[in-house]
Amino acid sequence: MSQPIVVVLAAGLGTRMKSDRAKVLHEVAGRPLVVWAVETALAAGAGRVVVVLGHQMEAIRTLLDARYGAGRIEVAHQPEQKGTGHAVQCALPALASEPDDRTVVILYGDAPLLRAERVAELARAADRSPAHIALLSTRPSAPVAYGRLVRDGEGKLLRIVEHADASEAERAIGEMNAGFYAVRLRELRADLASLGSNNAQGEIYLTDLAERAAPRGGAAVIDAPFDEVTGINDRVDLARTEREARLRILERWMIEGVTVADPASTYIDAEVGPIGRDTWIGPGVCLRGKTRVGARARIDTGSVLTDVEVLDEAMVKPYTVASEASIGERAQTGPFAHLRPGTMLETDVRVGNFVETKKAHLMPGAKANHLTYLGDVSVGARANVGAGTITCNYDGFAKHRTTIEAGAFIGSDTQLVAPVTVGRDAYVASGTTVTKDVPRSALALSRVKQVNVEGWADRFREAGAKRKVNRASSKPDD
Ligand code: UD1
Ligand code: CA
């Protein structure tokens, strides 16, 4: 079979979403609905993908061009949304050069969970059916406002009646139109031209193709599980689909050898991966964006990683929040670490609790274990950054860099006023404010010299106690 042509209908605003954003730009598992549909088409081996756009066409086109390369996904314009049948009419000029015997698969852009195998199954069924059309049906367990499949006594599909147009008796039909079709171009061209809009919504319904096909033997119907074909019309559907997508994504990773301790509370976005074998993911973890995780890593409870690279055997302890960062082999972060964009932790680095990093490069074995801010900094191999260290990287106008060279030791409660360099193996005493470069192997010390006054504390307390007694006895006794 030749590569199918897939048309994705995505022009609608999605009134029921009550949103300023076109419906197909809403996301499921971090991926816009329109991208789910295009991914399904491409995974099914589509030669051409034509997306029909109307609302927010330019934003959607830009997104598709950025992701797939300019023009790889073709766009047809539906200037006014006059119904699903009209939307396909708008795609026909793009297919003008295709021969009459090609089969076109039509997907709705608001139904993200269709499996790619179905596309091929649909196309095959259309090729085999005498009417050269096939569609997916579904039997939801709870009632939904979908089109109903009306069959005759022999089971032949006579027509699809939209919920808005259906009689009570028709609404009782459990077999619904899932909204996916495969049609030979000859029939598609001829039948689309004949569709009217004499119905409750005054729209040109694509579903009327079923009625056209009835005299030719009827459309072939393939039943699909509701979970796979659900269309998203409102935010309740969005959340339900999100849950389904999430479980599907988690199952995929579990099958690939990743332990997910609590699938009910774990969120892994569609674009995340790969995730290596024997990696353990704890409850409440969110992996977002283009996060990648190596093998035998541990990502513990409540960690939220966005566009992060986690290498083999890294240990991301609970409540690590990181974005656009790299966590090296066997590196450890958290609990409660905040790795901001431009953080690069190399092998065996440790970043402990209440440490915030930004544009920070920590070289192998470097440590910053407690209560520290590291911004615009490079920390050399094996350097140790003590508790309460702050890089003062911002003077209110510009950012400045701090360099801590290999093996340096930064004592607790140090401020490094950038730009500044602490040389290799140098030692910064606790409580120092470093404003000048520290030479290699030197000690930097900026604290005020300590004074001890013998017996001072005892005298202070005695004097204080006396004052208290005097005050009490001088009070008028009323
Ligand atoms: C549609 C079907 C219904 C089916 C249901 C399954 C029709 C008439 N009805 O109803 O039988 O049970 O899907 O989910 O087809 N679109 C356009 N241009 C338009 C109108 C719609 O591109 O003029 C796009 C939308 O952006 C959307 C898709 O087509 O992605 C479906 O449209 P929608 O309005 O959601 O159809 P439903 O009412 O859900
Ligand atoms: Ca819909």
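For the structure, check the block above.
What you see is a predicted model, and the numbers here were worked out from it, not measured in a lab.

Asks: Would you explain the environment of proline 274 in this entry?
Replies: Looking at the element boundaries, proline 274 is found in the loop between β13 (267–268) and β14 (280–281). C-alpha separation for the pair proline 274 and valine 385, spaced 111 residues apart in sequence, amounts to 33 Å. Those residues in contact with proline 274, other than ones at most four positions away along the chain, are Trp253, Arg292 and Val293.

Asks: Can you walk me through the coordination of the calcium ion (ligand 2) in this structure?
Replies: When a metal holds four donors in a tetrahedron, each ideal angle between them is 109.5 degrees; when it holds six in an octahedron, the ideal angles are 90 or 180 degrees. Bound to the calcium ion (ligand 2) are the protein donor atoms Asp110 (OD) and Asn233 (OD1), situated 2.3 to 2.4 Å from the metal. Here aspartate 110, found in the loop between β6 (103–108) and α4 (116–128), pairs with asparagine 233, found in the loop between α8 (226–229) and α9 (235–255); they are 123 residues apart in sequence, far enough to count as distant.

Asks: Sorry, what's going on with unusual backbone geometry here?
Replies: Residues other than glycine predominantly adopt negative phi, and peptide bonds predominantly adopt the trans conformation. A cis amide bond, omega 0 degrees, links glycine 273 with the succeeding residue proline 274. The omega angle of the peptide bond from alanine 418 to proline 419 is 0 degrees, so this bond is cis rather than trans. For histidine 132, which is not a glycine, the phi torsion comes out positive at approximately 60 degrees. Tracing the backbone shows histidine 132 in the loop between α4 and β7 (133–138). When its relative accessible area of 18% is taken as the criterion, histidine 132 is described as buried. The backbone of phenylalanine 336 shows a phi angle near 60 degrees, a positive value even though the residue is not glycine. Tracing the sequence through the fold places phenylalanine 336 in the loop between β21 (332–333) and β22 (337–339).

Asks: Even after reading the chapter, I still don't get the pattern of salt bridges, so can you show me in this structure?
Replies: Opposite charge on two side chains allows them to pair when their charged atoms are near. Applying the stated criterion across every chain yields a total of 24 salt bridges. Between glutamate 74 and arginine 48 there is a salt bridge, and its shortest N-O distance comes to 2.5 Å. Residue glutamate 74 is found in strand β5 (residues 74–77), and its partner arginine 48 is found in strand β4 (residues 48–53); the two are separated by 26 residues along the sequence. Since its relative accessible area comes to 23%, glutamate 74 is described here as partly exposed. Judged by its relative accessible area of 19%, arginine 48 falls in the buried class.

Asks: Quick question: what am I supposed to make of helix α10 (residues 456–473) here?
Replies: Along an α-helix, residues three or four apart share an orientation, since each turn contains 3.6 residues. The terminal C-alpha atoms of α10 lie 27 Å apart, and with 18 residues this matches the ideal 26 Å at 1.5 Å per residue to within 8%. The element α10 is largely exposed, with a buried count of 0 among its 18 residues.

Asks: Help me understand the pairing of β4, please; the structure alone is not making it clear to me.
Replies: The two faces of a sheet get side chains in turn, since along a regular strand they alternate between them. Of all 6 residues in β4, 6 are buried, a share of seventy percent or more. In the sheet, strand β1 (residues 5–9) pairs with β4 via 5 bridges, with the strands oriented parallel. From the neighbouring strand, isoleucine 5 faces β4, where its bridge partner is arginine 48. Both β4 and β5 contribute to a ladder of 4 bridges, which runs parallel. Counterpart to valine 51 in the pairing with β5 is valine 75. Regarding the hand of the β-α-β motif, the stretch spanning β4, helix α2 (residues 57–68) and β5 is right-handed.

Calculation criteria
- Residues numbered from 1 in each chain as written.
- Chains lettered and ligands numbered in written order.
- Predicted model: local features only at pLDDT ≥ 70, side-chain atom pairs only at ≥ 80, totals over all residues.
- Heavy atoms only, no water.
- Helix = DSSP H or I, 4+ residues; strand = E, 2+ residues; numbered from the N terminus.
- Contact = heavy atoms within 4.5 Å.
- Donors = N, O, S within 2.8 Å, 3.2 Å for Na, K, Ca; no water.
- Buried < 20%, exposed > 50% of the residue type's maximum accessible area, 1.4 Å probe, protein only.
- Salt bridge = Lys/Arg side-chain N within 4 Å of Asp/Glu carboxyl O.
- Expected span 1.5 Å × (residues − 1).
- Pairing = 2+ DSSP bridges.
- Right-handed = clockwise from strand over helix to strand, strands pointing away.

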